[in-house]
Amino acid sequence: MDILTTTNRQRLELTWIGKENRPRLEPRILLEDPEKSYHAKHRVTGRDLFDNRLIFGDNLLALKALEQEFTGKIKCIYIDPPYNTGSAFEHYDDSVEHSLWLSLMRDRLEALRRLMTQDGLILCSIDSTELFHAGLLFDEVLGRENRVELFTWKKSYGGGAKSRYVVNQSEFILCYAKDIEKLPPLFLPPDEKVLKYYKFKDEHYQARGPYRLQPLATTSMDERPNLRYPIEYKGREIWPEKQWQWSEERVKKASAANGLVFTERKGKVTVSYKQYLRDQEGEERQTKPTSIIDGFYTQHGTYESVALFGLENKFQFPKPEGLLRYVVEMVTSPGDWVLDSFAGSGTTGAVAHKIGRQWIMVELGEHCNTHIIPRLKKVIDGEDPGGVTEVVGWKGGGGFRYYRLAPSLLEKDKWGNWVINKEYNAAMLAEAVCKLEGFQYVPSDTVYWQHGHSTERDFIYVTTAHLSHDQLQQLSDEVGPDRTLLVLCTAFRAKPDRYPNLTVKKIPKAVLSRCEWGKDDYSLRVENLPKAPPKPGQLKMFGEEAK
């Protein structure tokens, strides 16, 4: 049960049972699996992108793993989380009690917000089941002042035979900026409906592409005397019914540049100007996105899924590629990073790849291997003719790297003591500890004790050795008076304050209280959810204390 309360600072806050429970996430390292990474055999264009990332594992742990490298770098985040509708889907257990759903989504939103650029957007598909809860949650995490729009996506053009009350033809997309003051205007490239009007070509301005004719006269603008004047044509003066759109000086420049077209019919002359597809700098004309998104239906997504995976293996209710192109192109430019932490069948990555955006996708389900990888391989090989392939002119190319989350750094031995996980080799241990301590993992090829750094003069050294006084003294001498070194080892025999340029800690003792160890799944699947019973007197329903 969730309610709105007012805090001491008179700010509305969404509260729910268990809200105070927050996970203490372990910043895992990511391990690449070269066997599952994939790239084209050769470059197709000079703009091919290869450093895209597909991550297999719990998405909350994966977001934590991405923080060090990608904080403040993701321009567009699109998520399509389980809607909590009570329906059991093949690929998701989609029935989660409201309070737990809110807690799990809150943790993910906070992690996603940290990854966004200051001028970035996050978009979240949702249906009416959790729309109002999700909107209040977004208001709290992202700030109500950063709400850009609630898009209504018309998802179908028919159906409703089984509807009891209302034929539901829509879902919604919550859209929030990280900082709306830094958000630039949103535009879309011209679509096919607009492009068909640009049917004339001008041999003098081929670089500006085709053009269409637009009337120079207008009756919609407020009356301005300086916009009412004659234009000469074959010795005649052409007057507008009300006024022209342009000043007389601008009209003279356009006429001298062959930018006006006169059309004579039944003795009446109309004046049009050439509106080119591209401006003088070569940028294509753009249009504003609308709050109602139409023309991309769930049926399209199903057709695309059947074409990719076959009828028996199709993904249930995938979003159509056209919808993802709409929302991604609205906020990004080629080369920007796009993130989807509920990857599903991989539509976001496939579309981002085709339109030249760098992408990261996270998926825990087995369909990461059965659906996403085969789909991306077809995209890269140019063997995916469906979706937006034709309209964006996709020919293949690029690649991606496949990562999995490393196991927890610490595990319990047979006596119940926390020890370093046996699966960790020296390099993995050094990288993991660097993340825990906030150091960049940049191992030196020449200096054995330089595993990473936080500044140009502050370094870290990680080892499973037992260090003696002589070894620590040698380290101190090599580091010198102008640098500092954090040393993490399993044991040491010396007084650490004897070395002013060293900070010596034991592992795992030094990191034991940092986070939750050994927990691999924070997913939205019901069997992994924590118990969060209400406390006596915490919640009353219909005047009675909840039991």
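No experiment lies behind these values; they were computed from the predicted model shown.

A.B. asks: Explain the packing of helix 2 (residues 98–115) against helix 3 (residues 131–143) here, please?
C.D. replies: Any two packed helices are characterised by how steeply their axes cross, that is the angle between the axes, and by the distance between the axes. The N-to-C vectors of helix 2 and helix 3 enclose an angle of 35°; their axes lie 10 Å apart at closest approach. Taken as a pair, helix 2 and helix 3 cross one another with a handedness that is right-handed. Contact residues: helix 2 offers H98, W101, L102, M105, R106, L109, E110 and R113, while helix 3 offers H133, A134, L137, F138, V141 and L142. Broken down by class, the residue content of the contact of helix 2 with helix 3 amounts to nine nonpolar, two polar and three charged.

A.B. asks: Mind showing me how you'd approach the confidence of the model for the protein chain here?
C.D. replies: Low pLDDT means the predicted coordinates in that region are not meant to be read closely. Of all residues in the protein chain, 89% attain a pLDDT of 70 or more, and the chain-wide mean is 88. Segment residues 526–533 is flagged for pLDDT under 50; beyond a separation of four residues in sequence, or across chains, it makes 14 contacts in the model. Low pLDDT, under 50, characterises residues 538–547; the stretch is placed with nine contacts to residues that sit more than four places away or in other chains.

A.B. asks: Could you clarify how one ought to interpret the sheet that holds strand 16 (residues 268–276) in this entry?
C.D. replies: Strands in a sheet are paired, the pairing made by backbone hydrogen bonds, and the direction either parallel or antiparallel. In spatial order, the strands read 10-16-15; together these three strands make up an open sheet with antiparallel pairing. Each edge of the open sheet is held by one strand with a lone partner, namely strand 10 (211–215) and strand 15 (260–265). Ignoring strand direction, the axes of neighbouring strands in this sheet form an average angle of 40°.

A.B. asks: How do you make sense of the environment of A207 when you look at a structure like this?
C.D. replies: For A207, the location among the structural elements is in the loop between helix 4 (192–195) and strand 10. For the pair formed by A207 and L277, sequence separation is 70 residues and the distance between their alpha carbons is 9.7 Å.

A.B. asks: Teacher, can you tell me more about the layout of surface pockets here?
C.D. replies: Unoccupied space between atoms shows up once a probe the size of one water molecule is rolled over them. Its volume calculated, the largest pocket comes out at about 1200 Å³. Forming the walls of the largest pocket are 45 residues, and the residues nearest its centre are E329, S333, P334, I355 and R357. Sorting elements by how many residues they give to the lining of the largest pocket places helix 7 (residues 321–331) first, with four residues. In terms of residue class, the lining of the largest pocket is made up of 19 nonpolar, 13 polar and 13 charged.

Parameters at a glance
Throughout this description, residue numbers start from 1 for each chain and increase along the sequence as written. Two thresholds apply to this predicted model, a pLDDT of at least 70 for residue-level local features and 80 or more for giving and counting side-chain atom pairs, whereas whole-chain, interface and lining totals are computed over all residues. Hydrogens and water are ignored here; the side-chain numbers use all heavy atoms of the structure. Angular values range over 0 to 180 degrees, each being the angle between N-to-C directions of two axes fitted as lines to C-alpha atoms, with helices fitted over their stretch in contact. Starting at the N terminus, helices and strands are each numbered in turn, a helix being any DSSP run of H or I of at least four residues and a strand any DSSP run of E of at least two. Rotating anticlockwise by less than a right angle from the far helix to the near helix defines a left-handed crossing, while the corresponding clockwise rotation defines a right-handed one. Throughout, a contact is declared for two residues whenever any of their heavy atoms are within 4.5 Å. Only Asp, Glu, Lys and Arg are considered charged, only Ala, Val, Leu, Ile, Met, Phe, Trp, Tyr, Cys and Pro nonpolar, and every remaining residue, Gly among them, polar. Confidence of the predictor at the level of single residues is captured by pLDDT, which takes values from 0 to 100. When DSSP finds at least two bridges between two strands, those strands are taken to pair. In this analysis the probe radius is 1.4 Å and the grid spacing 1 Å, with only protein atoms considered; a cavity is a set of points the probe fits into but cannot get out of, a pocket is an open set with protein on both sides within 12 Å along at least five of seven lines, and lining residues have an atom within 4 Å of a point. Grid points are joined across faces, edges and corners, and a volume is the space filled by probe spheres set on the points.

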